[in-house]
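Given next are the chains, with one letter for each unit.
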Amino acid sequence: MAALALAQFGVKHVAKGIGRLSQEVIESGSGSYVTMTSGRKYLDFTCGIAVANLGHCHPAVTKAAQSQVGKLVHGQINIAFQKPYLELIQSLLPLMPHPTLDTFFFWNSGAEAVEAAVKLARHATKKQNIIVMQGSYHGRTFATMNMTRSKTIYGEGYAPLMPGVFSVPFPYCAQCPISHSTAHKYNFQNCCMDPLTQLELLLKRETAPTDTAAIFIEPVLGEGGYVPPPAPYLAAVRDLCDRNNILLVADEVQSGFGRTGKMFAVEHWGVRPDILVMAKGIANGFPLSGIVSRKELMDMQKPGSMGGTYAGNAVSCAAGVAVAKAFQDERILENVNARGAELLSLLKSLKSNPQTGRIIHDVRGLGLMLALECKPGGNYASKIQKKCMEKGLLVLTTSIYDTLRFIPPLNISRGDLERGGGIVREAVEEVARGVEGGEMGMRG
């Protein structure tokens, strides 16, 4: 079927509820690039939304999966142990951000892993309520729809949703009303910590600590805009949880596996989660997710209460073992920090430039999880995204604010990063040139 006809077939027969960046059809991927059936090749700064973290079809991961397919494809975990599942645990244990995180359960998708964390938290504490952050994304399943607070689209029209979920502000300093009202006296380096005050008030007004099982938090907001918290925040939340017998759950589905320059983002602040949720980069594109917690909590669940037909698929686990090994063998984190510093420097230079900076509100992020937030009213992020695509670069927008997110492969070469960064610079410059001075003046 010709490329155009195949795309039209997809428009006709694929569920309309799936949004997509392009109507093209991906034929193949290799390293930092994807090639469409049309023959067009793109530099990929999306990584399948932070999934193919080691680039498309990483040779070692591909080889491990191919080898496993010839041995065992489906070793159902409720029937017996299977070797790749246990080998993956052996590979991950040394990478955990705290030694108490020693007992694992693998599933298929990030949302399923979040639900597994909800089950564990409620069962272990014998409490119902869950607190999440405004701007957070935890999934689109029935339970996680009400935990996701990044956009209303994910839960609109599906009520009633899972009860017992409460939300508080995340410390999003670039959009903080207190910072704005005090002429930025308070900022990322000097946070007012009002979100912590709001969390303490929530526990007094709406969900008592005796009714609250867990606080779920993305250490770096994902869909909410790639927002890292100010330095004191996560440690203060950890202390609040300890004082009130509440579990702290770190949702590292997007920020985990090296994306921020640490294996897991919580390591930037030295905070110990009670439950860690992981997916996306764990197997570089093979469906796999999981939770890890301390044995005393996990052992409270009765045999049979957890499981799933495809949970911890053998081929996916074999790929996960290869991913963990690649991080060590290829010094991936070193590359993340080097390339991340280069890309962040480029984005900051665009913000500081009088011509391009007039459409940029904020630049932020850690490692290769970076964001450029545009000033409101001009739909600039989508315009920049469109120009990037025209020039051969795939990037994604995110957040209710006008924001671009950059998630290139963690092992991207310096040359490919420079090429992609050059395209971003050109796109921002072209969009900024297209803005009339009077129009910007009217927006203040």
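The structure this text deals with has already been given above.
Owing to the predicted nature of the structure, the values given are computational and were not obtained by experimental measurement.

1. Things to note about the sheet that holds strand 13 (residues 393-394)
Backbone hydrogen bonds are what pair the strands of a sheet, in a parallel or an antiparallel way. Read from one edge to the other, the open sheet built from 4 strands follows the order 1-2-3-13, with strand pairing classed as mixed. Each having just a single partner strand, strand 1 (26-30) and strand 13 make up the two edges of the open sheet. Pairing geometry for strand 3 (residues 41-44) and strand 13, over 2 bridges, is parallel. Counted as the bridge partner of D44 is L394 from strand 13.

2. Some remarks on helix 11 (residues 314-329)
The end-to-end C-alpha separation of helix 11 is 23 Å, in line with the 22 Å expected for 16 residues at 1.5 Å each. Most of helix 11 sits inside the fold, with 12 of its 16 residues counted as buried. Along helix 11, the residues that are buried comprise A314, V315, S316, C317, A318, A319, G320, A322, V323, A324, A326 and F327. Next to the buried residues of helix 11 lie helix 3 (59-69), helix 4 (83-92), strand 4 (103-107) and helix 12 (332-352). If you check the start of helix 11, you find a side-chain oxygen 2.9 Å away from the backbone N of V315, and it comes from N313. Phi for R331, located one or two positions after helix 11, is positive at around 50 degrees.

3. Thoughts on the nonpolar core
Here is a general trend for soluble globular proteins: nonpolar side chains tend to be buried in one another's company. L92, F106, F216, I291 and F406 are the most contacted members of the largest nonpolar core, which totals 95 residues. Considering each element in turn, this core owes the most residues, 8 residues, to helix 5 (residues 110-125). When near neighbours in sequence (up to four residues on either side) are disregarded, L92 contacts F104, F106, F257, M278 and I282. In terms of nonpolar packing, the next biggest core, distinct from the first, is built from 36 residues, F166, M193, I246 and I407 among them.

4. A closer look at the pairing of strand 4
With 5 of its 5 residues buried, strand 4 lies for the most part within the structure. Because side chains alternate across strand 4, one face comprises the buried residues T103, F105 and W107, and the other comprises F104 and F106, equally buried.

5. Concerning the packing of helix 14 (residues 380-390) against helix 15 (residues 414-433)
At their nearest, the axes of helix 14 and helix 15 sit 9 Å apart, and the two run at 130 degrees to each other. As far as their axial angle goes, helix 15 and helix 14 are oblique. Regarding helix 14 and helix 15, the two cross each other, and that crossing is right-handed. Taking contact as the criterion, the partners of Y380, K383, I384, K387 and C388 in helix 14 are, on helix 15, I423, V424, A427, V428, E430 and V431. Residue composition of the contact of helix 14 with helix 15, grouped by class: 8 nonpolar, no polar and 3 charged.

6. Describing the pattern of salt bridges
Counted under the stated rule, the structure contains 21 salt bridges. Of the charged contacts in the structure, one is a salt bridge between K391 and E430, with a shortest N-O distance of 2.8 Å. You can see K391 sitting in the loop between helix 14 and strand 13 and its partner E430 sitting in helix 15, a full 39 residues away along the chain. Under the relative-accessibility criterion, E430 is labelled partly exposed at 25%. One salt-bridge network, in which partners are shared between bridges, spans R238, D242, R272, D274, R294 and E296.

Scoring rules and cut-offs
Residues numbered from 1 in each chain as written. Predicted model: local features only at pLDDT ≥ 70, side-chain atom pairs only at ≥ 80, totals over all residues. Heavy atoms only, no water. Pairing = 2+ DSSP bridges. Helix = DSSP H or I, 4+ residues; strand = E, 2+ residues; numbered from the N terminus. Expected span 1.5 Å × (residues − 1). Buried < 20%, exposed > 50% of the residue type's maximum accessible area, 1.4 Å probe, protein only. Contact = heavy atoms within 4.5 Å. Polar contact = N/O pair within 3.5 Å; in protein donor to acceptor, adjacent residues only side chain to side chain. Core = buried A, V, L, I, M, F, W, Y, C linked by side-chain atoms within 4.5 Å. Axes fitted to C-alpha atoms, helices over the stretch in contact; angles between N-to-C directions. Parallel < 35°, antiparallel > 145°, perpendicular 65-115°, else oblique. Left-handed = near helix turned anticlockwise from the far one by under 90°. Nonpolar A, V, L, I, M, F, W, Y, C, P; charged D, E, K, R; others polar. Salt bridge = Lys/Arg side-chain N within 4 Å of Asp/Glu carboxyl O.

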